[in-house]
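Descriptive structure summary
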Amino acid sequence: MNSLLDGITVLDLTDEKGFLCGRILAEMGADVIKVEKPGGDASRKTGPFYHDEPDPEKSLTWFAYNLNKRGITLDIASNDGWAIFLKLIERADIVIESFPAGYMQQIGLDYIVLKAINPRIIMTSITPFGQTGPYKDYVASDIVVQAMSGYLYLCGDPDHPPMRISIPQAYLHASGEAAIATMMALYNRENSGEGQYVDVSAQQSMVRNTVNAVPLWLTYGEILERSGAFRVGLGRNLRARQTWACKDGFVNFLFVGGILAAVAGSSGLTDWLEEEGVSTDYSGSLKDFDISKFTQEEWEQMEAPVAKLFLKYTKKELFDEGNRRRVSICPVHSPEEVVDYPQLEARGFWAEVNHKELGTSIKYPGSCIRSTDMPAPELRRAPLIGEHNMEIYHDELGLSAQEITRLQKLNVI
Amino acid sequence: MEGVKVLDFTWVIAGPLITKCLADYGATVIRVESMVRPCFLRVSGPFKDRVVGPDNTTYFAYFNPNKYSASLNLKKPVGLRTARKLADWADIIIENYVPGKLAKLGLDYETVRKTNPDIIMLSTSGQGQTGPMAGIPMTGMILVALTGFMFYSGWPGEESTQPFGPVNDFITPSFGLPAILAALRHRKLTGQGQSIDLSQLEAGIQFLAPGILDYTANKRQIGNVGNSSSDAAPHGVYPCADNRWCAIAVFSDNEWEAFCTTMGHSEMAGNPMFSTFPCRKRNEDELNEMVGQWTIKHTPEHIMQSLQRAGVQAGVVQNSRDVCEDPQLKARNHFWSMKHPVIGDSISFGEPAILSETPAQPLRPAPCLGEHTEFVASEFLNMSEQELVELLSDES
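The rules behind each value
- Residues numbered from 1 in each chain as written.
- Chains lettered and ligands numbered in written order.
- Predicted model: local features only at pLDDT ≥ 70, side-chain atom pairs only at ≥ 80, totals over all residues.
- Helix = DSSP H or I, 4+ residues; strand = E, 2+ residues; numbered from the N terminus.
- Buried ≥ 20, exposed ≤ 12 C-beta atoms within 10 Å, placed from the backbone.
- Contact = placed C-beta atoms within 7 Å.
- Nonpolar A, V, L, I, M, F, W, Y, C, P; charged D, E, K, R; others polar.
- Domains from an automatic or database assignment.
- Pairing = 2+ DSSP bridges.
- Axes fitted to C-alpha atoms, helices over the stretch in contact; angles between N-to-C directions.
- Parallel < 35°, antiparallel > 145°, perpendicular 65-115°, else oblique.
- Left-handed = near helix turned anticlockwise from the far one by under 90°.
- Core = buried A, V, L, I, M, F, W, Y, C linked by C-beta atoms within 7 Å.
- Expected span 1.5 Å × (residues − 1).
- Arc of directions from axis to C-beta.
- pLDDT = per-residue confidence, 0-100.

When helices and strands are counted, chain B shows 17 helices and twelve strands. Seen through its C-alpha atoms, chain B measures out along the principal axes to roughly 85 × 50 × 40 Å. Evaluated residue by residue, chain B yields a buried proportion of 57% over its 396 residues. Contacts in chain B between residues far apart in sequence, at least 24 positions, make up 66% of those at least 6 positions apart.

Our next topic: the overall build of chain A. Check the secondary structure of chain A and you find 16 helices and 14 strands. Considering only C-alpha atoms, chain A reaches an extent of 85 × 50 × 40 Å along its principal axes. The buried share among the 413 residues of chain A stands at 55%. For chain A, contacts bridging at least 24 residues in sequence account for 65% of all contacts bridging at least 6.

Facing 117 residues of chain B, the contacting portion of chain A comprises 127 residues. No other element matches the 16 residues that helix 7 (residues 167-190) of chain B contributes to the side of chain B that touches chain A. A breakdown of the residues in the side of chain B that touches chain A according to their chemical character gives 64 nonpolar, 40 polar and 13 charged.

The next point concerns the domain arrangement of chain A. The domains assigned to chain A are domain 1 (9-208 + 371-409) and domain 2 (228-337). Its C-alpha centre places domain 1 of chain A at a distance of 43 Å from the equivalent point of domain 2 of chain A.

Within a regular strand, side chains alternate between the sheet's two faces. Residue and element names in this part refer to chain B. Residues I92 and I94 line one face of strand 4 (residues 92-95) and the alternating positions I93 and E95 line the opposite face, and both faces are buried. The pairing of strand 1 (residues 5-9) with strand 4 spans four bridges and is parallel. Its bridge partner being in strand 4, V6 is matched across the sheet by I92. Relative to strand 5 (residues 120-123), strand 4 is paired through four bridges, and the arrangement is parallel. Its bridge partner being in strand 5, I92 is matched across the sheet by I120.

One can read the domain layout of chain B as domain 1 (5-207 + 333-393) and domain 2 (235-317). One C-alpha centre belongs to domain 1 of chain B, the other to domain 2 of chain B; they are set 43 Å apart.

Right, let's get into the packing of helix 1 (residues 19-27) of chain A against helix 7 (residues 170-192) of chain A. All names here are of chain A. Where helix 1 meets helix 7, the closest approach of the two axes is 7 Å, and the angle between their N-to-C directions is 45°. In terms of axis orientation, helix 1 runs oblique to helix 7. Classified by chirality, the crossing of helix 7 by helix 1 is right-handed. Taken together, the residues of helix 7 that come into contact with helix 1 (itself represented by F19, L20, C21, I24 and L25) are L172, S175, G176, A178, A179 and T182.

To continue, consider the pairing of strand 9 (residues 313-316) of chain B. Residues and elements named next belong to chain B. Residues Q313 and G315 point to one face of strand 9 and A314 and V316 to the other, with burial holding for every one of them. Across four bridges, strand 8 (residues 244-249) lies against strand 9 in antiparallel orientation. If you follow A249 over to strand 9, its bridge partner there is Q313.

Let's shift gears to the nonpolar core. Core analysis: the biggest nonpolar cluster contains 245 residues, and C246 and A247 of chain B have the highest contact counts within it. With 13 residues, helix 7 of chain A is the single largest residue contributor to this core.

Below, the discussion takes up the sheet that holds strand 4 of chain B. As a general point, the strands of a sheet are linked pairwise by backbone hydrogen bonds and lie either parallel or antiparallel. A sheet is described by the order of its strands in space; here seven strands give the open sequence 14(A)-6(B)-5(B)-4(B)-1(B)-2(B)-3(B), paired in mixed fashion. On the outer flanks of this sheet lie strand 14 (370-371) of chain A together with strand 3 (68-71) of chain B, each paired with one strand and no other. Alignment of strand 5 of chain B against strand 6 (residues 194-197) of chain B, held across four bridges, turns out to be parallel. Counted as the bridge partner of S123 of chain B is D197 of chain B from strand 6 of chain B. Its contacts with the sheet put helix 3 (residues 77-89) of chain B on strand 1, strand 2 (28-33) and strand 4 of chain B, and the angle it makes with strand 1 of chain B is roughly 140°.

All names here are of chain B. Given a rise of 1.5 Å per residue, twelve residues ought to cover 16 Å, and the 16 Å separating the end C-alpha atoms of helix 12 (residues 284-295) matches this to within 8%. Here helix 12 has its buried residues at L287, N288, V291 and T295. Down the axis of helix 12, the buried set is contained in an arc of 95°. They therefore lie on one face. Opposite the buried face of helix 12, by more than 90 degrees, sit the exposed residues D285, E286, E289 and Q293. Elements in contact with the buried residues of helix 12: strand 7 (235-240), strand 8, helix 11 (277-282) and helix 13 (300-309).

With that settled, the discussion passes to the sheet that holds strand 1 (residues 9-12) of chain A. Spatial ordering of the open sheet is given by 3(A)-2(A)-1(A)-4(A)-5(A)-6(A)-12(B), a layout of seven strands whose pairing is mixed. The open sheet is flanked by strand 3 (69-73) of chain A together with strand 12 (353-355) of chain B, the only strands paired with a single partner. Recorded for the sheet is a direction-independent mean angle of 20° between the axes of neighbouring strands. Sheet topology note: the strand 4 (residues 94-97) of chain A/strand 5 (residues 122-127) of chain A ladder contains four bridges and is parallel. Bridging across to strand 5 of chain A, E97 of chain A finds its partner in S125 of chain A.

Moving on to the environment of P65 of chain B. Residue and element names in this part refer to chain B. Along the chain, P65 turns up in the loop between helix 2 (58-63) and strand 3. Measuring from C-alpha to C-alpha, the distance between P65 and A366 comes to 3.9 Å, with 301 residues separating the pair along the chain. The residues touching P65, leaving out its near neighbours within four places in the chain, are K20, W336, M338, S348, P362, R364, P365 and A366.

Residue and element names in this part refer to chain B. For helix 3, spanning 13 residues, the distance from its first C-alpha to its last is 18 Å, which sits close to the expected 18 Å at 1.5 Å a residue. Of the residues making up helix 3, those classed as buried are G79, T82, A83, L86 and A87. Viewed along the axis of helix 3, the buried residues span an arc of 150°, placing them on a single side of the element. At its buried positions, helix 3 is contacted by strand 1, strand 2, strand 4, helix 5 (109-115), helix 16 (373-380) and helix 17 (385-393).

Viewed as axis vectors pointing N to C, helix 7 of chain A and helix 7 of chain B meet at an angle of 15°, and their least axial separation amounts to 9 Å. Judged by the angle between their axes, helix 7 of chain A and helix 7 of chain B are roughly parallel. Between helix 7 of chain A and helix 7 of chain B lies a crossing of left-handed hand. Within the contact between the two elements, helix 7 of chain A uses H173, G176, A179, I180, M183, M184, L186, Y187 and E190 of chain A and helix 7 of chain B uses F170, I171, P173, S174, L177, P178, L181, A182, L184, R185 and K188 of chain B. Its residues assigned to classes, the contact of helix 7 of chain A with helix 7 of chain B comprises 14 nonpolar, three polar and three charged.

Moving on, we come to the confidence of the model for chain B. When pLDDT is averaged across chain B, the result is 95; 99% of the residues are at 70 or more. As scored by the predictor, the complex reaches a pTM of 0.97 and an ipTM of 0.98.

Moving on, we come to unusual backbone geometry. Residue G47 of chain A is joined to P48 of chain A through a cis peptide bond whose omega torsion reads -10°. Turning to its location among the elements, P48 of chain A is positioned in the loop between strand 2 (31-36) and helix 2 (60-65). Here A233 of chain B and P234 of chain B are connected by a cis peptide whose omega angle stands at 0°. In this fold, P234 of chain B is placed in the loop between helix 9 (209-218) and strand 7. Phi at N224 of chain B is positive, roughly 45°, even though this residue is not glycine. Mapped onto the elements, N224 of chain B comes out in the loop between helix 9 and strand 7.

Attention now goes to the environment of P134 of chain A. Within the secondary structure, P134 of chain A sits in the loop between strand 5 and helix 6 (142-148). Ignoring sequence-local partners within four residues, the contact set of P134 of chain A consists of P327, Q328 and A331 of chain B.

Rendered as structure tokens:
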């Protein structure tokens, strides 16, 4: 065995709602076969595109989350396609799909059918709200799921409507949960010898991202509101700044101290403020710090000299000096700064992935699961439309070239 | 996961979420804690009856059901000795200390595997176990800035703002748990353990990969677009009656037609200003204004239901109360209620996926701090009476 999931075969029927699930399994070495409609999946139309060319072979979202997968085309809703899919099921361990609830049943490919063919098969469905319940047929893109989970309400500042992270997040969380649950089912299969059905709700995948908002409502009857650059909910009605302007951008810093300072205290800041000659009466209290005792006015008086200090330095200067003094000040990174961040380079995080067809290579975020004994496979670019049709249908399933041509003519593959 | 033994040295959210999932599926999870250095959640509110205390916090209880708690002061010999015994007992150790800390305690992978050769260890620190910045203590919020999430949160022409919460904490389990489960399966098949290094920064970056590729392939960085989307219009959050909001996303021209009909203005579908996606995108300000004039007259529930009936993607921007009363979440038994000795009805949440044969279950509420110290020592470690007395009398 070379990688964690060597020998595991996954049929990935998902669109962007489920890409990451198969990607995580591929990162651990599973053979993940992306099954698309003949002509390519609609999700290939998701931007941004390589050099802004809206071409199904140039979607950067498709690239990002389909690394290390193989790709075939198959119309699973046609009679011939249905039969071929069941042949694939015989040899597979896992199926992942993100069609609307009930669709797989409609085309005769629900779990009961698959299980009859292969009792060890695990089937994972990813939908906005799950396979059951009053909203099971609701349609929901990223922003709608974020809204319904309670997360969106908390994002942004009070002067504007709630605001999402502009790179869609909800279905990445759902896909992550799908990978977890699928692996749980795979682990259990080693005991029971049988697969099972996994029903993932994207909404449920994001509810917990509201941190303590639900406990706050249920315990105090308080509804947590969005607070943008400030952190609320720590002290009594306290708004604590966490985003600060500096010389060349922004840094993130939050006063913590006393019993909350287990991770990184702010006491190192006291000496720094003194050395800079900007400390006030309140600066001393950083050393013996109890957030619950502060009024907003006192808090702001404590913040004022810090705001002045930060404006004197660049992001990098504050990060380095903060690290020296064990004060957690962190630069607000742009994508460029993430790519240039020395820690990631030192860990060999980035991978140049060859895109022969584009005549170039592209720098990708590498694998993040790093095992001592079982390294992640080298990154391989996402599959082209039908790239592995011959390899899989002919070499592996044993369909004749004549049969493949027939199926192509019928637009089945 | 019955019979799988997990030793949990984690705190705050990312690590505890990982061990929560294992516990929810039936693993025996022992959380090592100490009031000498309590978990941030143990000392963070809300608190039952507003009484501050490690067993009163409903925040901690929300994230830690189904676990056992052993109170061990690792600065004292007896506490450390007990922790090392637990390391030999465990199948899996999960920790998110600053790298190097466990080695100092003799609880690192290399040391533990000498006496427990097939141990599986997951280390999930902010920036990973190696590299020049590995030793910097990290909190969730600053990781959000470092990862680049703030860059993608902002209105046009304004400063970037903070997305809510320690985002990376909620991403890390998506990679950590599959890795642990794959390692556990691998061990079952081969008898071999392993150690896994999961950087929360590297995990977080996976969730921004399309933006990173836009930079590395196109040398372009687009942040601060508010709620707009390059694939949909109208797309955003629209004001409704009673100062509430509804999220709406219209991608195709068919959806646009259905939207106009629902709004009671089917003639609008053919209006050349908005009839195609490029037109709608070009006239997005006017479009948003018009949509808002409709939505403001209705409750977000009305907007959601009528648009959903027409097949248009829409959803109430729910606050925490709405979420607690959400009929869908109720139908899915999302929230768990368990009897807690201090809190009473203690609320947590189930796993977001339902497994048909081995579903996650609420077995017991979050533990009080050190609630199971004696139980763990006597049941799992067969400690002698004398050692047990020493352990329990220690200020742990």
